[in-house]
Amino acid sequence: MQTFQIICCVLVGMLSLTGARREKPDNPSPDADHYDDGTHNEEYDHEVFLGGEKAAKEFEVLTEEESKRRLTVILKKVDTNNDTFIDKEELTNWVVGSLKKIDNYNAEERLKVQDRNGDGKLTWEEYNLHVFGYMPAKGHDTKSEYGKDVKRAERTFNVADKNQDGFLDSEEYLSFNNPRAVKEMEPIVIEQLLDNMDWNHDGAVALDEFLGDYFNVPGTNQAPAWVAEESELFRTQLDKNGDGYLRGSELFDWVRPDYAATAQFEADHLIKQADANKDGMLTEEEVLNKYRIFAGSRATHFGRHIRDKTFVHEEL
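Quantities reported herein were computed from a predicted structural model and do not represent experimental measurements.

Remarks on the overall build of the protein chain
Check the secondary structure of the protein chain and you find 15 helices and eight strands. Per-residue burial over the protein chain gives 45% buried out of 316 residues. Considering only intrachain contacts with a sequence separation of at least 6, the fraction spanning at least 24 residues in the protein chain is 68%. As displayed, the protein chain offers around 16,700 Å² of accessible surface, 49% of which is attributable to carbon and sulfur atoms.

In structure tokens, the structure reads:
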């Protein structure tokens, strides 16, 4: 979970990957946000399980008794087969849903900020006025980095505008805001990845293009350790047909958010922390005995939160 500047979020979402020098890889592990400099971030658990920062904050002002009561209501929803046990699959599915709801809510909030006339839709002009400060003239420079950013944004806007009415409604804006997460946006995602990374314009990304330029370890001629790790990732996981290149769906699969992997990490972590009898499942009693892991209360207010985005949880 990371904090973002709203003005930059769409540009980042539109794949600002380049071949510039890197000091570390762009592929964090699914649980990368679970730790701050090696220290376990308990607030991450609260926000991912409850559905965002706002829901987690609401629990912080509750008494222990009320916190447990609300958790009991949530647990009945997590236990989809109603067998009184929460297994890893049920918990994983719950967290996947929570992550998607958070993303949807964040998109809705950004749309409100960029929608200057408040009609619930975004025009290309409104987007430009918010992000760039003015509406670029027709025939504007498209060769500068700024010009390329505008061109990419316009192309993504037009693809996200499914009914081609010149506006993005809330559903269409979700595709524009985070095209990597929407299957229908795969062609534009691949196009922009190739535009940024395909140095020799052969329609694919080779290993050297994937790695980009990087700094050697200071004082040596050796590449940093992550280069070997990323090379192995490229060869064994991303290049699925083993032809030495990433192309087509391989590129999209690389950058597409892996909600399932993140949720599985979180489910494993929560079960490990609360599963008293080590049967691989959670009961209501086990969760309530470790309620601070899942939600906290007034007595466990941890202060600063891990992100500045919120999700309004379902009324309990």
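Side note on the pattern of salt bridges
For the coordinates displayed, the defined rule picks out 13 salt bridges. Residue Asp 268 pairs with Lys 88 through a salt bridge whose shortest N-O separation is 3.0 Å. With a gap of 180 residues between them, Asp 268 in helix 13 (residues 259-274) and Lys 88 in helix 5 (residues 88-114) connect regions that are remote in the sequence. For Asp 268, a relative accessible area of 38% gives the class partly exposed. Overall, Lys 88 belongs to the partly exposed group, its relative accessible area being 34%. Of the charged contacts in the structure, one is a salt bridge between Glu 186 and Lys 183, with a shortest N-O distance of 2.6 Å. Beyond isolated ion pairs, a larger network of salt bridges with shared partners links Glu 66, Arg 69 and Arg 70.

Things to note about the packing of helix 2 (residues 42-50) against helix 3 (residues 53-60)
Remark: helix 2 packs on helix 3, axes separated minimally by 8 Å, with the N-to-C direction vectors making an angle of 110°. Classified by the angle between their axes, helix 2 and helix 3 sit roughly perpendicular to one another. Where helix 2 crosses over helix 3, the two elements pack in a sense that is right-handed. Contacts between helix 2 and helix 3 pair His 46, Glu 47 and Leu 50 from the former with Glu 53, Ala 55, Ala 56 and Phe 59 from the latter. Tallied by class, residues from the contact of helix 2 with helix 3 come to four nonpolar, one polar and two charged.

Thoughts on the packing of helix 4 (residues 64-78) against helix 5
Two numbers describe how helix 4 lies on helix 5: the axes approach to 9 Å, and their chain directions differ by 105°. Viewed along their axes, helix 4 and helix 5 adopt a mutual orientation that is roughly perpendicular. Of helix 5, the residues touching helix 4 (which contributes Ile 74, Lys 77 and Val 78) are Glu 90, Leu 91 and Trp 94. Residue composition of the contact of helix 4 with helix 5, grouped by class: four nonpolar, no polar and two charged.

With respect to the confidence of the model for the protein chain
With 81% of its residues at a pLDDT of at least 70, the protein chain reaches an overall mean of 84. Confidence drops under a pLDDT of 50 for residues 1-23, and excluding neighbours within four residues, the segment shows 75 contacts in the predicted structure. For the stretch residues 301-316, pLDDT sits under 50, and the model shows 60 contacts to residues farther than four places along the chain or on other chains.

What to know about unusual backbone geometry
Most peptide bonds take the trans configuration, and most residues that are not glycine carry a negative phi. Of note, the phi angle at Thr 84 is positive, near 75°, even though the residue is not glycine. Structurally, Thr 84 is set in the loop between helix 4 and strand 3 (85-86). A relative accessible area of 57% places Thr 84 in the exposed class.

Considerations on helix 7 (residues 145-160)
Over its 16 residues, helix 7 runs 22 Å from end to end, which matches the ideal 22 Å to within 8%, given 1.5 Å per residue. Those residues of helix 7 lying buried are Gly 147, Val 150, Arg 152, Ala 153, Thr 156, Phe 157 and Ala 160. Its buried side turned inward, helix 7 meets strand 4 (122-123), helix 6 (124-131), strand 5 (167-168), helix 8 (170-177) and helix 9 (186-197).

Overview of the nonpolar core
Residues Leu 122, Tyr 127, Phe 176, Phe 210, Leu 251 and Trp 254 are the most contacted members of the largest nonpolar core, which totals 36 residues. For this core, the secondary structure elements donating two or more residues are helix 5, helix 6, helix 7, helix 8, helix 9, helix 10 (207-211), helix 11 (225-238) and helix 12 (249-255). Top element by residues in this core is helix 9. It accounts for six residues. Filtering out sequence-adjacent residues up to four positions away, Leu 122 remains in contact with Leu 111, Gln 114, Asp 115, Tyr 127, Phe 157, Gly 166, Phe 167, Leu 168, Tyr 173 and Phe 176. Membership of the second largest hydrophobic core comes to 23 residues, among which are Leu 75, Ile 86, Leu 91 and Ile 293.

Focus on the environment of Ile 102
Within the fold, Ile 102 resides in helix 5. Between the C-alpha atoms of Ile 102 and Glu 47, which are 55 residues apart in sequence, the distance is 9.4 Å.

Cut-offs and rules
Residues numbered from 1 in each chain as written. Predicted model: local features only at pLDDT ≥ 70, side-chain atom pairs only at ≥ 80, totals over all residues. Heavy atoms only, no water. Helix = DSSP H or I, 4+ residues; strand = E, 2+ residues; numbered from the N terminus. Buried < 20%, exposed > 50% of the residue type's maximum accessible area, 1.4 Å probe, protein only. Contact = heavy atoms within 4.5 Å. Areas by Shrake-Rupley, 256 points an atom, 1.4 Å probe, with all protein chains shown as cover. Salt bridge = Lys/Arg side-chain N within 4 Å of Asp/Glu carboxyl O. Axes fitted to C-alpha atoms, helices over the stretch in contact; angles between N-to-C directions. Parallel < 35°, antiparallel > 145°, perpendicular 65-115°, else oblique. Left-handed = near helix turned anticlockwise from the far one by under 90°. Nonpolar A, V, L, I, M, F, W, Y, C, P; charged D, E, K, R; others polar. pLDDT = per-residue confidence, 0-100. Expected span 1.5 Å × (residues − 1). Core = buried A, V, L, I, M, F, W, Y, C linked by side-chain atoms within 4.5 Å.

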